[in-house]
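# Overview (structure and organization)
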Number of protein chains: 2
Amino acid sequence: MEDQDNHIPFNDADIDRAARCLKAMSHPLRLKILCVLGNNSILGKDQFSVQDIVKQVGTSQSNISQHLAILREKDILKSTKEANQVFYTIHDDRMLQLIKMMREVFCGNC
Amino acid sequence: MEDQDNHIPFNDADIDRAARCLKAMSHPLRLKILCVLGNNSILGKDQFSVQDIVKQVGTSQSNISQHLAILREKDILKSTKEANQVFYTIHDDRMLQLIKMMREVFCGNC
DNA sequence: TCTCAAAATAGAAATAGCGCTATCTTTTTG
DNA sequence: CAAAAAGATAGCGCTATTTCTATTTTGAGA
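Anyway, here's the lowdown on the structure attached to this text. (Residues numbered from 1 in each chain as written. Chains lettered and ligands numbered in written order. Predicted model: local features only at pLDDT ≥ 70, side-chain atom pairs only at ≥ 80, totals over all residues. Heavy atoms only, no water.)

## Re helix 1 (residues 12-25) of chain B
Residue and element names in this part refer to chain B. Just so we agree on the cut-off: Helix and strand assignments come from DSSP, with helices taken as H or I runs of at least 4 residues and strands as E runs of at least 2, each series counted from the N terminus. Expected helix span is given by 1.5 Å per residue-to-residue step, counting one fewer step than there are residues. Between buried and exposed lies partly exposed: a residue is buried under 20% and exposed over 50% of the maximum accessible area for its type, with that area taken using a 1.4 Å probe on protein chains only. A 3.5 Å cut-off defines polar contacts: any pair of N or O atoms within that distance qualifies, except that in protein one atom must be a possible hydrogen donor and the other a possible acceptor, and neighbouring residues in sequence count only when both atoms are side-chain atoms.
Between its first and last C-alpha, helix 1 extends 20 Å over 14 residues, near the 20 Å set by a 1.5 Å rise per residue. Regarding helix 1, the residues found buried are Asp14, Ile15, Ala18, Ala19, Cys21, Leu22, Ala24 and Met25. The backbone nitrogen of alanine 13 has a side-chain oxygen 3.0 Å away, supplied by the residue at the start of helix 1, namely asparagine 11.

## Some remarks on the sheet that holds strand 3 (residues 85-90) of chain A
Residues and elements named next belong to chain A. Formally: A pair of strands counts as paired when DSSP detects no fewer than two bridges linking them.
Read from one edge to the other, the open sheet built from three strands follows the order 1-3-2, with strand pairing classed as antiparallel. The sheet is open, and its two edges are formed by strand 1 (48-49) and strand 2 (77-82), each paired on a single side. Relative to strand 3, strand 1 runs antiparallel, the two being bridged by two bridges. Considered in strand 3, the bridge of phenylalanine 48 is made with tyrosine 88.

## What to know about the protein's contact with DNA strand D
We apply this condition: Any residue with a heavy atom positioned within 4 Å of a molecule or strand is treated as near that molecule or strand. Think of it as three bins: nonpolar holds Ala, Val, Leu, Ile, Met, Phe, Trp, Tyr, Cys and Pro, charged holds Asp, Glu, Lys and Arg, and polar takes everything else, Gly as well.
DNA strand D sits among 22 residues. The nearest are A:Ser62, A:His67, A:Ala83, B:Gln51 and B:Tyr88. Across the atoms of DNA strand D situated within 4 Å of the protein, the share located in sugar and phosphate is 71%. Between a phosphate oxygen of DNA strand D and a side-chain N or O atom of A:His27, the distance comes to 3.2 Å. Note that a phosphate oxygen of DNA strand D is positioned 3.4 Å from one of the backbone N or O atoms of B:Val50. Taken together, the residues of the surface near DNA strand D sort by class into five nonpolar, 14 polar and three charged.

## Re the protein's contact with DNA strand C
The immediate surroundings of DNA strand C are formed by 22 residues, with A:Gln51, A:Ser62, A:Tyr88, B:His27 and B:His67 found nearest. For DNA strand C, the fraction of protein-proximal atoms (within 4 Å) that sit in sugar or phosphate groups is 66%. Between DNA strand C and A:Ser62 there is a distance of 2.9 Å, counted from a base oxygen to a side-chain nitrogen or oxygen. Note that a phosphate oxygen of DNA strand C is positioned 2.8 Å from one of the side-chain N or O atoms of A:Tyr88. Counting residues per element, the ones that place at least two in the surface near DNA strand C are helix 3 (50-57), helix 4 (61-73) and strand 3 of chain A together with helix 4 (61-73) of chain B.

## Points about the relation of the copies chain A and chain B
In plain terms, the rule: Residues reaching a pLDDT of at least 70 in both copies supply the C-alpha atoms on which the copies are superposed by least squares. Should any heavy atoms of two residues lie within 4.5 Å, those residues are counted as being in contact.
Of the two same-sequence chains, chain A is brought onto chain B (RMSD 0.1 Å, axial shift 0.0 Å) by a rotation of 180 degrees. The superposition of one copy onto the other is thereby described by a two-fold rotation axis. An overlap of 100% is found between the interface residues of chain A and their copies at the interface of chain B, pointing to a shared contact surface.

## Comments concerning the sheet that holds strand 2 (residues 77-82) of chain B
All names here are of chain B. Heads up, the rule is: In this analysis an axis means a line fitted to C-alpha atoms, helices contributing only their contacting stretch, and an angle means the value between N-to-C directions, from 0 to 180 degrees.
A sheet is described by the order of its strands in space; here three strands give the open sequence 1-3-2, paired in antiparallel fashion. Sheet topology places strand 1 (48-49) and strand 2 at the edges, where each strand pairs with a single neighbour. Pairing of strand 2 with strand 3 (residues 85-90), which is carried by six bridges, proceeds in the antiparallel orientation. Within the sheet, the bridge partner assigned to leucine 77 lies in strand 3 and is isoleucine 90. Packed onto the sheet, helix 4 meets strand 2 and strand 3 and runs at close to 115 degrees relative to strand 2.

## Here we look at the pattern of salt bridges
Using the following cut-off: By salt bridge we mean one thing: a side-chain nitrogen of Lys or Arg within 4 Å of a carboxyl oxygen of Asp or Glu.
Counting across every chain of the model gives four salt bridges over all chains. A:Asp12 is the partner of B:Lys32 in a salt bridge, and the nearest nitrogen-oxygen pair spans 3.1 Å. Of this pair, B:Lys32 sits in helix 2 (residues 28-43) while A:Asp12 sits in helix 1 (residues 12-25), each in a different chain. A salt bridge links B:Arg17 to B:Asp14; the nearest nitrogen and oxygen atoms lie 3.2 Å apart. Of the two residues, B:Arg17 and B:Asp14 both sit in helix 1, three residues apart, roughly one turn of that helix.

Below, the structure is given as structure tokens:
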């Protein structure tokens, strides 16, 4: 019963998936996008157009669009097209929960 | 009362700090290091030498050392030197809590 | 149809991150 | 003292990200 081969059963697939997801969230602009959407998912407004996001976050439309694409590809956000505009929301409850957790940890009492 | 200038008061400093922290965590090897340390902080073993981590995570000593440095610089881990060895632990309770949250979200029922 | 606005995309340049080998410091041991 | 072991660090080539400008696509309205 030596310690050869008693590694903890961490599922590498889970870890890779989590790392990809966290990486997608770990950019200041993307995190701010998530804060805007997450905060308002709680308060009531759950639809944000790209233009809304551009105004709230503050950078070029092109830049926002690319960051939104990254978040969309990773299933962190989902989009709905309505006529001329595209609206974005947090993809599911798990993501919303994660965003709330992060705000507690990073924006709480520090 | 138009919507000009009703941006939500997100503290950009908080967001930047959070993004840097998340970025440091969002690499498969670093996340695995955190899982190893976090899991054992719960179970009782709270001291892991670099060699222990190398064995558990599975890559070169040099590579682990560099990733540990990144986690240390961001105050996610702290280290204690005892004679020949250096032991690593999760820096504080907030980080431990965050790691637990992530495991719930990513390794829960999926 | 013509034009405008919303959103996405392409291409390019700069920067950052990764992992490797080799080297260096510090401590233990013979 | 010499050799070995534990960690940390430096330098290098490579790949991935980021952000910018310019362009394209799609739908709305005069």
